[in-house]
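Given next are the chains, with one letter for each unit.
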Amino acid sequence: ICVSTRVNRSLPSAVRDQLAVMYQNLQFDLYQSEYTNIEQQLLEGSLDLGFTCIDAIQRVQYQELYYDEMFALVPQSHVLANYEVLSMKQIAKYPFIQLDEGEYSLPIKTFQNLGLHVQIKHKVYDDFTILAMIRQNLGISILYQNALSDYDDLCLIPIQENLFRHVGIAYN
């Protein structure tokens, strides 16, 4: 089983536990990868299942499990902190910390589709590092709700364009 680093951290263990009850001789090897690599490994036959963003895959089958909304995160002292909703156009005006998801990034795709140029100042793989950087006023970011557990001192603001990641189990 391969899991995207951005998939809910408890999902693989919940599925593993349920399958272990149903299939007692089933062997699990857990790998971590990014969305498009998971699809490629499924096509090559090196994986049987992968938890991934189904919007990023095209050539394998999948079953959608849930969706995950994205939110803007800004420091409490930021000029955008008092807004109830932010547009991608507003977000694009400020230094941006991009969550590095590999070849597929929903926020970057949305900026591009809207014809907006975003000021990417940092590209970071780890969401906890991004939270720390926001706290240090190094930029603002957009993260998945399920990845957020320690943000009480930051402002979590809905995005007008309603960014959602669709998570599923992919197979070939």
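Scroll up for the structure.
Quick caveat, the model's predicted, so the values are computed rather than measured.

Rules behind the numbers
- For every chain, the first residue of its written sequence is number 1, and the numbers climb from 1 along that sequence.
- In keeping with the model being predicted, local features are shown solely for residues with a pLDDT of at least 70 and side-chain atom pairs are shown and tallied solely at 80 or more, while totals for entire chains, interfaces and linings include all residues.
- Side-chain measures were taken over the full set of non-hydrogen atoms in the model, leaving aside hydrogen atoms and water.
- Strands are runs of DSSP state E lasting at least two residues, helices are runs of H or I lasting at least four, and both sets are numbered from the N terminus onward.
- We take the radius of gyration over the C-alpha atoms and set the globule estimate at 2.2 Å times the residue count to the 0.38 power.
- For every residue, the accessible area obtained with a 1.4 Å probe (protein chains only) is divided by the maximum for its type, and the residue is called buried under 20%, exposed over 50%, and partly exposed between those limits.
- Only heavy atoms matter for contacts: two residues are in contact if any of them lie within 4.5 Å across the pair.
- Computed with a 1.4 Å probe, the accessible areas rest on the Shrake-Rupley method; for each residue, only the protein chains presented here act as cover.
- For salt bridges, the criterion is a side-chain nitrogen of Lys or Arg within 4 Å of an Asp or Glu carboxyl oxygen.
- What the arc covers is the set of directions going from the helix axis to the C-beta atoms.
- As used in this structure description, the phrase polar contact means that two N or O atoms lie within 3.5 Å; if the pair is within protein, one of them must be able to donate a hydrogen and the other to accept it, and residues adjacent in sequence are counted only when both atoms belong to side chains.
- Only centres within 6.5 Å qualify two rings of Phe, Tyr or Trp (six-membered ring in Trp) as a pair; their planes then separate them into stacked at under 30 degrees, edge-to-face at over 60, and tilted for everything else.

Here the focus is the overall build of the chain. Each helix and strand in the chain was counted, giving five helices and nine strands. Seen in sequence order, the chain has helices and strands lined up from the N terminus as β-α-β-α-β-β-α-β-α-β-α-β-β-β. In terms of overall dimensions, the chain is globule-like: its C-alpha atoms have a radius of gyration of 17 Å, near the 16 Å expected for 172 residues. Along the longest, intermediate and shortest principal axes, the C-alpha atoms of the chain span 55 × 30 × 25 Å. For the chain, the residues scored as buried account for 47% of the 172 residues in total. Expressed as a percentage of contacts within the chain between residues at least 6 apart in sequence, the contacts between residues at least 24 apart total 75%. Entry remark: accessible area of the chain is about 9,200 Å², with carbon and sulfur atoms responsible for 45%.

The full count for this structure, using the stated rule, is two salt bridges. In this structure, Arg165 and Asp68 form a salt bridge, with 2.5 Å as the shortest nitrogen-oxygen distance. Here the residue Arg165 occupies a position in strand E9 (residues 164-171), and Asp68 occupies one in strand E4 (residues 61-75), the gap between them amounting to 97 residues. One exposure class covers both Arg165 and Asp68, and it is buried. Here Asp153 makes a salt bridge to Arg135, at a shortest N to O gap of 2.7 Å. Here Asp153 is found in the loop between strand E7 (141-144) and strand E8 (154-158), whereas its partner Arg135 is found in helix H5 (residues 127-135), with 18 residues between them in sequence. The exposure class assigned to Asp153 is partly exposed, which follows from its relative accessible area of 38%.

Every buried residue of H5 is accounted for by Asp127, Ile130, Leu131, Met133 and Ile134. With its buried residues spanning 165° around the axis, H5 presents them on a single face. On its buried face, H5 is in contact with E4, strand E5 (95-99), strand E6 (119-124), E7 and E8. With a side-chain oxygen positioned 3.2 Å from the backbone nitrogen of Phe128, the residue opening H5 is Asp126. Asn137 occupies a position one or two residues after H5 and carries a positive phi of about 60°.

Turning to the packing of aromatic side chains, a few remarks are in order. Two measures describe an aromatic ring pair: the distance that separates the ring centres and the angle between the ring planes. For the structure shown, the criterion picks out three aromatic pairs. Between Tyr35 and Tyr104, the ring centres sit 6.2 Å apart and the planes meet at 65°, which makes this aromatic pair edge-to-face. You can see Tyr35 sitting in helix H2 (residues 35-44) and its partner Tyr104 sitting in the loop between E5 and helix H4 (106-113), a full 69 residues away along the chain. Centre to centre, the rings of Phe96 and Phe111 are 5.6 Å apart; their planes meet at 85°, and the pair counts as edge-to-face. Of this pair, Phe96 sits in strand E5 while Phe111 is found in helix H4, placing the two residues 15 residues apart along the sequence. One exposure class covers both Phe96 and Phe111, and it is buried.

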